[in-house]
Amino acid sequence: MTTEELASPTRAGARITAVGLHETVPDGRRILDDVSLTIEPGEVVAVLGASGAGKTTLLEILAGVRRPVGGTVEHDGVAPTGAVGFVPQDDIIHRELPLERTLRYAARLRLPAGTGPAEAARRVSDALAGLGLDDRAAVPVGRLSGGERKRASIAVELLTRPGVLLLDEPTSGLDPAVAVDLLRALRSLADAGATVVLSTHQVTDVDLCDRVVVLTRQGRLAFAGAPAAAREFFGVRSLAEVYLRLDETDDPAAWPTRFAARRPDPPPPAVTPRPAAPAPGPGRLRQWRVLAARNAEIVARNRLTLAILLGSPLMVLGMFALLFRPGAFDPAHPGPTVTVMILFWIAFGGFFFGLTYGLLQICTEVPILRRERLAGVRFAPYLLAKVTVLLPLLALVDLALLGVLRATDRLPPVDGPDFAALYATLLLSSAAALALGLLCSAAVSDAAQATLMLPMLCFPQVLFVGAILPVPAMAAGGRWLSYAMSNRWAFEGLGHSAGVERLWRDGASPLGPPLLATYGDSFSRPVWVNWLVLGGFALLFLAATWAVLLRKASRRAV
């Protein structure tokens with residue numbers, strides 16, 4: 001395997017200093033307990049420990065992905081910066097795209113501003129070659145083997161040739177030959193000056209490491225030093241026996257106490273120059289363009305997702321065509337109650353399309369967003385990229401909905417400006433619902449929770465909009481709640497542009513005037529007022545989504 005290019009980090013490795021690290025889980029149990037260690041540039045350090053010992057947590061804290069409850073981490077005397085490469089245990093990359101396309105998007109998001117296309121392509125080619133993936137470049141990530149996906153995930157970080165690289169069980173699932181090749185590549189990086197830290201369950205991985213860190217099941221530091229010294233300290237021939245020695249003692253603090261007693265006093269901190277700030281990454285505008293292009297390609301390549309995005313509105317449109325009878329808006333034979341229901345279901349259709357488009361967008365990508373956030377991706381371009389791709393699709397299905405209903409005489413015979421007003425109202429309703437869906441998607445932790453939210457979000461938009469029971473006829477609490485329903489403003493805006501007041505007042509049906517009196521001034525408001533409210537809802541929900549993501553980042557870097 002060729003590793004020459006990968007063995008030239010663009011930044012010098014940093015000394016990692018961790019002092020008194022403490023971390024807990026929500027129930028208060030400590031998963032790291034007073035862990036202090038120092039890792040020098042040019043070292044490959046392996047972190048050993050049983051499952052649940054805190055290996056992943058320690059790596060996340062050392063990388064700056066997670067903020068500890070107590071203690072500090074510094075890289076050359078300052079907090080971890082974006083010059084850190086972190087490879088999580090899971091294969092956190094989009095599976096819809098071919099491998100080379102995935103790496104090209106990653107390069108455009110991670111490499112410094114001003115990096116030309118030729119240099120970015122060379123970095124991608126080097127990463128593929130260095131990890132033995134050249135012949136898999138055109139294969140979608142989802143069709144790669146487990147070991148190949150692991151190497152692809154590592155390749156994403158190697159694009160920037162970071163000076164500090166932390167990997168969570170990088171050899172897990174790899175066959176022995178590939179694992180050895182990977183460790184040799186990491187060894188080459190360290191030999192060139194990088195700082196490399198990896199967690200592992202495979203004690204054979206330690207043979208190519210300079211030092212080993214051993215954690216007890218209680219998250220305490222039991223040993224840190226050379227592998228040979230570890231075997232001597234624990235009195236074992238193989239490091240595989242260390243796990244048994246840790247479990248044999250009845251006192252969880254025995255080995256940490258023994259190590260602390262033998263541990264030499266730390267040397268005085270070396271005087272190191274303040275590290276140069278990493279070259280600035282791509283700006284917000286470029287991030288937005290790259291993320292939008294990637295989102296569009298993911299949607300286009302995932303035929304099932306595309307079929308759902310376009311097929312479900314067509315199915316709803318077919319049901320509307322079967323449900324609504326033609327001629328309900330005919331002034332000679334109007335159906336006042338029918339017109340109410342038609343306008344309501346049109347408004348609800350736009351809301352439902354937008355909500356379902358947004359509801360699964362973020363919760364399924366949180367691990368990827370967490371990783372890309374560490375690489376410098378900002379939340380605002382990320383959200384705007386989602387809107388950029390999904391809103392045109394909504395515009396298409398909303399236009400199809402109104403166009404088919406108009407062609408089949410299920411809308412009033414309005415002129416061009418009024419039809420444009422109907423379309424603008426419906427599209428703004430979909431945009432507000434899309435933003436609400438993104439907000440809920442950011443607030444939950446997985447797709448199952450987002451799916452459960454769908455009926456809870458839809459029911460209020462049915463009951464408190466004013467179609468089933470007019471807003472003036474509601475109890476006081478219902479009237480106040482109706483102001484928070486974006487669908488209410490879409491329904492009333494559609495009614496204004498459709499001219500229901502004129503139809504009910506001047507039509508032949510005797511039901512019109514009493515029904516108009518029941519609704520009061522619901523449809524008399526200028527349509528631009530409804531547009532302002534719907535636009536305000538969209539902006540408010542997007543701002544709230546950004547705030548939710550920022551809050552998650554403050555608890556644990558996203």
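Here is what the cut-offs are and how they apply
- Residues numbered from 1 in each chain as written.
- Predicted model: local features only at pLDDT ≥ 70, side-chain atom pairs only at ≥ 80, totals over all residues.
- Heavy atoms only, no water.
- Helix = DSSP H or I, 4+ residues; strand = E, 2+ residues; numbered from the N terminus.
- Buried < 20%, exposed > 50% of the residue type's maximum accessible area, 1.4 Å probe, protein only.
- Contact = heavy atoms within 4.5 Å.
- Areas by Shrake-Rupley, 256 points an atom, 1.4 Å probe, with all protein chains shown as cover.
- Lys, Arg positive; Asp, Glu negative; His and termini not counted.
- Charge placed at Lys NZ, Arg CZ, Asp CG, Glu CD.
- Pairing = 2+ DSSP bridges.
- Axes fitted to C-alpha atoms, helices over the stretch in contact; angles between N-to-C directions.
- 1 Å grid on protein atoms, 1.4 Å probe; cavity = no way out; pocket = protein on both sides within 12 Å on 5 of 7 lines; lining within 4 Å.
- Points joined across faces, edges and corners; volume = space filled by probe spheres on them.
- Phe/Tyr/Trp six-rings, centres within 6.5 Å; stacked < 30°, edge-to-face > 60°.
- Core = buried A, V, L, I, M, F, W, Y, C linked by side-chain atoms within 4.5 Å.
- Parallel < 35°, antiparallel > 145°, perpendicular 65-115°, else oblique.
- Nonpolar A, V, L, I, M, F, W, Y, C, P; charged D, E, K, R; others polar.

### A few points about the overall build of the chain
Part 1 of the reasoning: Along the backbone of the chain there are 20 helices and nine strands.
Part 2 of the reasoning: Taken along its principal axes, the extent of the C-alpha atoms in the chain is 100 × 50 × 40 Å.
Part 3 of the reasoning: Split into buried and exposed, the 558 residues of the chain put 52% on the buried side.
Part 4 of the reasoning: Considering only residue pairs separated by 6 or more positions, the chain has 76% of its internal contacts joining residues 24 or more positions apart.
Part 5 of the reasoning: Of the accessible surface of the chain, which amounts to about 23,900 Å², a share of 61% is contributed by carbon and sulfur atoms.
Part 6 of the reasoning: Taking the average place of the 55 positive charges on the side chains of the chain and the average place of its 49 negative ones, the gap between the two points comes to 4 Å.

### Looking at the sheet that holds strand β1 (residues 16-24)
Think of a sheet as strands paired side by side through backbone hydrogen bonds, with each pair either parallel or antiparallel.
Part 1 of the reasoning: The strand order across the open sheet built from three strands is β2-β1-β4, with neighbouring strands paired in antiparallel fashion. Looking at strand neighbours, the two that pair on one side only are β2 (30-39) and β4 (70-75), the edges of this open sheet. Averaged over all adjacent pairs, the angle separating strand axes in this sheet is 15°, with direction ignored.

### Quick notes on the sheet that holds strand β7 (residues 195-199)
Part 1 of the reasoning: Taken together, six strands build an open sheet; the order of strands is β5-β6-β7-β3-β8-β9 and the sheet is mixed. Looking along the sheet, the strands with just one partner apiece sit at the ends: β5 (84-87) and β9 (221-225). For this sheet the average axis-to-axis angle between neighbouring strands, irrespective of direction, equals 10°.
Part 2 of the reasoning: In this structure, strand β3 (residues 44-48) lies alongside β7, joined through four bridges in parallel fashion. Each residue of the ladder has a partner; that of V44, found in β7, is V196.
Part 3 of the reasoning: On top of the sheet, helix α6 (residues 227-234) reaches β8 (211-215) and β9; it is set at about 140° to β9, its chief contact.

### Observations concerning empty space enclosed by the protein
Part 1 of the reasoning: Under the definition given, this model contains two cavities of 30 Å³ or more.
Part 2 of the reasoning: In this model, the largest cavity occupies a volume close to 120 Å³.
Part 3 of the reasoning: Every residue lining the largest cavity is listed: I92, I93, H94, T102, Y105, A106, R110, V156, R294, I368, R371 and E372.
Part 4 of the reasoning: Elements supplying a minimum of two residues to the lining of the largest cavity: α2 (99-110) and α12 (366-374).
Part 5 of the reasoning: In this structure, the second largest cavity occupies an estimated 50 Å³ of space.
Part 6 of the reasoning: No other element matches helix α7 (residues 242-248), which puts three residues into the lining of the second largest cavity.

### Topic: the packing of aromatic side chains
Part 1 of the reasoning: Applying the stated criterion across every chain yields a total of 17 aromatic pairs.
Part 2 of the reasoning: With a centroid separation of 5.4 Å and 75° between ring planes, the pair formed by F491 and F523 is classed as edge-to-face. Of this pair, F491 sits in helix α17 (residues 486-498) while F523 is found in the loop between α19 (512-519) and α20 (527-555), placing the two residues 32 residues apart along the sequence. Comparing F491 with F523, the two get one shared label, buried.
Part 3 of the reasoning: Aromatic rings pair up to connect F223, F233, F234, W255 and F259 into one cluster.

### Here's the deal with the nonpolar core
Part 1 of the reasoning: In this structure, L58, L62, L166, V214, L215 and F234 are the most contacted members of the largest nonpolar core, which totals 85 residues.
Part 2 of the reasoning: In terms of residue count, helix α5 (residues 176-191) provides more of this core than any other element does, seven residues in total.
Part 3 of the reasoning: If we ignore the near neighbours within four places in the chain, the residues touching V214 are L48, R220, L221, A222, F223, F234, V242 and L246.
Part 4 of the reasoning: Core analysis: the second largest hydrophobic core is formed by 83 residues, V366, A395, V414 and Y423 among them.

### Side note on the packing of helix α14 (residues 416-443) against α17
Part 1 of the reasoning: Viewed as axis vectors pointing N to C, α14 and α17 meet at an angle of 175°, and their least axial separation amounts to 9 Å. Relative to α17, the element α14 is oriented roughly antiparallel. Here D418, A421, L422, T425, S429 and A432 of α14 lie close against α17, whose contacting residues are S486, N487, A490, G493, L494, S497 and A498.
Part 2 of the reasoning: Partitioned by chemical class, the residues of the contact of α14 with α17 number six nonpolar, six polar and one charged.

Geometry only, nothing functional implied.
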